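Here are the chains, one letter per residue:
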Amino acid sequence: MALEGRLVQHGEALALVLEPEILEQLNINLDSKLDIVTDGDSMIVTVRDEERRARLHRIMEEMNEEYGNVFKRLAE
């Protein structure tokens with residue numbers, strides 16, 4: 001999905017204005033915390049979801065416990 005955003009003046013800075021469709025699809029509201037990453041050419045905005053991150057971390061730990069040796073051999 002590609003929708004258009006635009007920049008507006010916000011004090012001495014610029015603010016990115018996102019269409020309601022994007023906000024709804026990503027479940028972003030005024031209380032949402034966002035992670036912003038750039039490589040110098042593009043910007044990736046990700047909704048920070050601590051619950052989801054913690055669940056993923058637990059799953060990765062479980063996988064490492066069960067398959068750690070396999071992963072190590074594959075890496076070699």
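It should be noted that the structure appears before, not after, this text.
Residues numbered from 1 in each chain as written. Predicted model: local features only at pLDDT ≥ 70, side-chain atom pairs only at ≥ 80, totals over all residues. Heavy atoms only, no water.

A.B. asks: Describe the overall build of the chain, and please don't skip the residues or the numbers.
C.D. replies: For the chain, the helix and strand inventory stands at two helices and four strands. Each helix and strand of the chain, placed in order from N terminus to C terminus, yields the pattern β-β-α-β-β-α. Taken over C-alpha atoms, the radius of gyration comes to 19 Å for the chain, far larger than the 11 Å a tight globule of 76 residues would show. In terms of overall dimensions, the chain has C-alpha extents of about 55 × 25 × 25 Å along its principal axes. Residues counted as buried form 4% of the 76 residues belonging to the chain. Pairs at least 24 apart in sequence give 5% of the contacts found in the chain among residues at least 6 apart. For the chain, the exposed area adds up to about 7400 Å²; of that, 52% sits on carbon and sulfur atoms. Computed over 9 positive and 17 negative side-chain charges, the separation of the two mean positions in the chain equals 6 Å. (Helix = DSSP H or I, 4+ residues; strand = E, 2+ residues; numbered from the N terminus. Rg over C-alpha atoms; globule rule 2.2 N^0.38 Å. Buried < 20%, exposed > 50% of the residue type's maximum accessible area, 1.4 Å probe, protein only. Contact = heavy atoms within 4.5 Å. Areas by Shrake-Rupley, 256 points an atom, 1.4 Å probe, with all protein chains shown as cover. Lys, Arg positive; Asp, Glu negative; His and termini not counted. Charge placed at Lys NZ, Arg CZ, Asp CG, Glu CD.)

A.B. asks: Describe unusual backbone geometry, listing the residues and the values that go with them.
C.D. replies: Although it is not a glycine, Asn27 sits at a positive phi angle of roughly 55 degrees. Mapped onto the secondary structure, Asn27 falls in the loop between α1 (20-25) and β3 (34-38).

A.B. asks: How would you summarise the packing of aromatic side chains if you had to cite specific residues and measurements?
C.D. replies: Under the criterion given, the structure shown has one aromatic pair. Here Tyr67 and Phe71 contribute two aromatic rings whose centre-to-centre distance is 6.4 Å and whose plane-to-plane angle is 55 degrees, an arrangement assigned as tilted. One end of the pair is Tyr67 and the other is Phe71, both in helix α2 (residues 50-75) and four residues apart, which spans about a single turn. Since its relative accessible area comes to 38%, Tyr67 is described here as partly exposed. On the accessibility criterion, Phe71 (37% relative accessible area) is partly exposed. (Phe/Tyr/Trp six-rings, centres within 6.5 Å; stacked < 30°, edge-to-face > 60°.)

A.B. asks: Please provide a residue-by-residue account of the environment of Glu76, values included.
C.D. replies: Looking at where Glu76 falls in the secondary structure, it is placed in the segment after α2. For Glu76 and Arg55, which are 21 residues apart along the polypeptide, the C-alpha to C-alpha distance reads 28 Å.

A.B. asks: Run through α2, naming residues and quoting values.
C.D. replies: Along its 26 residues, α2 runs just 29 Å from first to last C-alpha, ending more than 12% under the 38 Å computed at 1.5 Å per residue. The sharpest bend along α2 reaches about 80 degrees and sits at Tyr67. The opening residue of α2, the one whose side-chain oxygen lies 3.3 Å from the backbone nitrogen of Glu51, is Asp49. (Expected span 1.5 Å × (residues − 1). Bend = angle between axes of the 7 residues up to and from the residue. Polar contact = N/O pair within 3.5 Å; in protein donor to acceptor, adjacent residues only side chain to side chain.)

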